[in-house]
Amino acid sequence: MIDIGLNLTSPQFAGEQAELVARARAAGLDALILTGTDLAGSRDSAALAARWPSYCFSTAGVHPHDAKSVDEQSLVALRELAALPQVVAIGECGLDYNRDFSPRPVQDAVFDAQLALAAELGMPVFLHCRDAHVRFIEILRPWLPKLPGAVLHCFTGSDDELDECLALGLHIGVTGWICDERRGQPLREQVARIPAGRLMIETDAPYLVPRDLKPRPKRNEPAFLPHIAQVVAACRAETPEALMAHTRATSAAFFQLPIQE
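- The protein has the name TatD family hydrolase in an unreviewed UniProt entry, where Aeromonas bivalvium is given as its organism.

**Side note on the layout of surface pockets**
Phase 1: One number sums up the size of the largest pocket: a volume of about 1000 Å³.
Phase 2: For the largest pocket, the lining is made up of 34 residues, of which His 63, Glu 92, Asp 96, His 128 and Asp 204 are closest to its centre.
Phase 3: Mapped by element, the contributors of at least two residues to the lining of the largest pocket are strand 4 (87-96), strand 5 (125-130) and helix 6 (159-167).
Phase 4: A total of three residues in the lining of the largest pocket trace back to one element, the largest contributor, which is strand 5.

**A look at helix 2 (residues 39-51)**
Phase 1: In this model, helix 2 (13 residues) spans 19 Å end to end at C-alpha, consistent with the 18 Å of a helix rising 1.5 Å per residue.
Phase 2: Every buried residue of helix 2 is listed here: Leu 39, Gly 41, Ser 42, Ser 45, Ala 46, Leu 48 and Ala 49.
Phase 3: On its buried side, helix 2 packs onto helix 1 (17-26), strand 2 (31-34), strand 3 (56-60), helix 3 (72-82) and strand 4.
Phase 4: Where helix 2 begins, one side-chain oxygen reaches toward the backbone nitrogen of Ala 40, 3.4 Å away; that side chain belongs to Asp 38.

**Section: the sheet that holds strand 8 (residues 199-201)**
Phase 1: The sheet built from eight strands is open, its strands ordered 1-2-3-4-5-6-7-8 with parallel pairing. Every other strand in the sheet has two partners, leaving strand 1 (2-6) and strand 8 as the edge strands with one partner each. Going across the sheet, the axis of each strand differs from the next one's by a mean of 30 degrees, ignoring polarity.
Phase 2: The pairing of strand 4 with strand 5 spans six bridges and is parallel. Across the sheet, the residue bridging to Leu 95 is Cys 129, located in strand 5.
Phase 3: Across the sheet, helix 4 (residues 104-121) touches strand 4 and strand 5, and the angle it forms with strand 4 is around 160 degrees.

**Some points on helix 5 (residues 133-140)**
Because an α-helix packs 3.6 residues into every turn, residues spaced three or four apart end up facing the same way.
Phase 1: Where helix 5 is concerned, the buried positions are His 133, Phe 136, Ile 137, Ile 139 and Leu 140. Within helix 5, the buried residues cover an arc of 165 degrees as seen down the axis, which keeps them to one side.
Phase 2: Elements that come into contact with the buried residues of helix 5 comprise strand 4, helix 4, strand 5, strand 6 (150-152) and helix 6.

**Section: the packing of helix 4 against helix 5**
Packed helix pairs are specified by the crossing angle of their axes together with the interaxial distance, meaning the distance between the axes.
Phase 1: Orientation of helix 4 relative to helix 5, taken along the N-to-C sense of each, is 35 degrees, at an axis distance of 10 Å. For the element pair helix 4 and helix 5, the recorded crossing hand is right-handed. Contacts from Asp 108, Phe 111, Asp 112 and Leu 115 of helix 4 reach helix 5 at Arg 135, Phe 136, Ile 139 and Leu 140.
Phase 2: When its residues are assigned to classes, the contact of helix 4 with helix 5 shows five nonpolar, no polar and three charged.

**Describing the side chain of Asn 7**
Phase 1: Take Asn 7: it is sitting in the loop between strand 1 and helix 1.
Phase 2: What Asn 7 contacts, discounting residues up to four positions off in sequence, is Phe 13, Thr 35, Thr 37, Asp 204, Ala 205, Pro 206 and Tyr 207.

**Digging into the environment of Ile 259**
Phase 1: Mapped onto the elements of the fold, Ile 259 is located in the segment after helix 9 (240-254).
Phase 2: Judged by relative accessible area, which is 16%, Ile 259 ranks as buried.
Phase 3: In sequence terms Ile 259 and Ala 31 are 228 residues apart; their C-alpha atoms lie 7.8 Å from each other.
Phase 4: The residues contacting Ile 259, other than those within four sequence positions of it, are Ile 2, Asp 30, Ala 31, Ser 54, Phe 57, Arg 248 and Ala 252.

**Overview of unusual backbone geometry**
Phase 1: Of the consecutive residues Gly 91 and Glu 92, the connecting peptide bond is found in the cis state with omega at 15 degrees.
Phase 2: Within the element layout of this structure, Glu 92 appears in strand 4.
Phase 3: In the segment running from Lys 214 into Pro 215, the intervening peptide bond is cis, with an omega of -10 degrees.
Phase 4: At Asp 131, a residue that is not glycine, the phi angle is positive and equals roughly 55 degrees.
Phase 5: Among the secondary structure elements, Asp 131 is positioned in the loop between strand 5 and helix 5.
Phase 6: Judged by relative accessible area, which is 54%, Asp 131 ranks as exposed.
Phase 7: The backbone of Cys 154 shows a phi angle near 50 degrees, a positive value even though the residue is not glycine.
Phase 8: With respect to the helices and strands, Cys 154 occurs in the loop between strand 6 and helix 6.
Phase 9: You can call Cys 154 buried: its relative accessible area is 17%.

**Focus: the pairing of strand 2**
Phase 1: Because side chains alternate across strand 2, one face comprises the buried residues Ala 31 and Ile 33, and the other comprises Leu 32 and Leu 34, equally buried.
Phase 2: Here strand 1 pairs with strand 2 via three bridges, running parallel. Of the residues in strand 2, the one forming a bridge with Leu 6 is Leu 34.
Phase 3: Tracing the backbone out of strand 1, into helix 1 and back to the parallel element strand 2 gives a crossover that is right-handed.
Phase 4: Here strand 2 pairs with strand 3 via three bridges, running parallel. Counted as the bridge partner of Leu 32 is Cys 56 from strand 3.

Basis of the calculations
- Residues numbered from 1 in each chain as written.
- Predicted model: local features only at pLDDT ≥ 70, side-chain atom pairs only at ≥ 80, totals over all residues.
- Heavy atoms only, no water.
- 1 Å grid on protein atoms, 1.4 Å probe; cavity = no way out; pocket = protein on both sides within 12 Å on 5 of 7 lines; lining within 4 Å.
- Points joined across faces, edges and corners; volume = space filled by probe spheres on them.
- Helix = DSSP H or I, 4+ residues; strand = E, 2+ residues; numbered from the N terminus.
- Expected span 1.5 Å × (residues − 1).
- Buried < 20%, exposed > 50% of the residue type's maximum accessible area, 1.4 Å probe, protein only.
- Contact = heavy atoms within 4.5 Å.
- Polar contact = N/O pair within 3.5 Å; in protein donor to acceptor, adjacent residues only side chain to side chain.
- Pairing = 2+ DSSP bridges.
- Axes fitted to C-alpha atoms, helices over the stretch in contact; angles between N-to-C directions.
- Arc of directions from axis to C-beta.
- Left-handed = near helix turned anticlockwise from the far one by under 90°.
- Nonpolar A, V, L, I, M, F, W, Y, C, P; charged D, E, K, R; others polar.
- Right-handed = clockwise from strand over helix to strand, strands pointing away.

Written out as structure tokens, the structure reads:
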């Protein structure tokens, strides 16, 4: 199994990163990809990933919440980070019109700039979209032929949005949201429509604790990915072993991870 998205730089994990990585290994995970959500966080994620070479990797990017902080030097710094061997994607980048922590025109411009950087460097993108699907697709579509791959992480959109993403060739990341009996029912039905080879799994730890874990922990962590995988597999009428095998293969190929079969 590969957790394609977790926030190991979160203050909730301060001083505990080694224990979290050890528990992930013990739970059977083969690799972790640490999400960069702003420039400082991308640097920190890359530094953490370097502590566990060939097991931890990272992304470098700016989340739409922080788009207002980006200037020309930010993109220079992202380009430098992207040259590190442990950095395997540009992102988390995209649009978030739900909270609007950054002005929408600024989000749009920063998203486009990061897509341009990924295309220039030949790197895949790790994407975020919330309440912005139409504009998200408008900005992304022209770049897709120039990108080696794009994964929309933590998908929680509509049936039509999923169909459009799949038609455009996007990969889809599924989190413990699928374990939420209140909000996860649409995703439980949608996940069966994602072809093998386009599906990845993630925790987004420490966020999105699987609500059906008993007793329910206070925070999420990568060691809970096997539980998420079991729920996803049940929704797809697959065995957990089959689900874990094809999502692992998909993620390793997408991010070009140097891990053993």
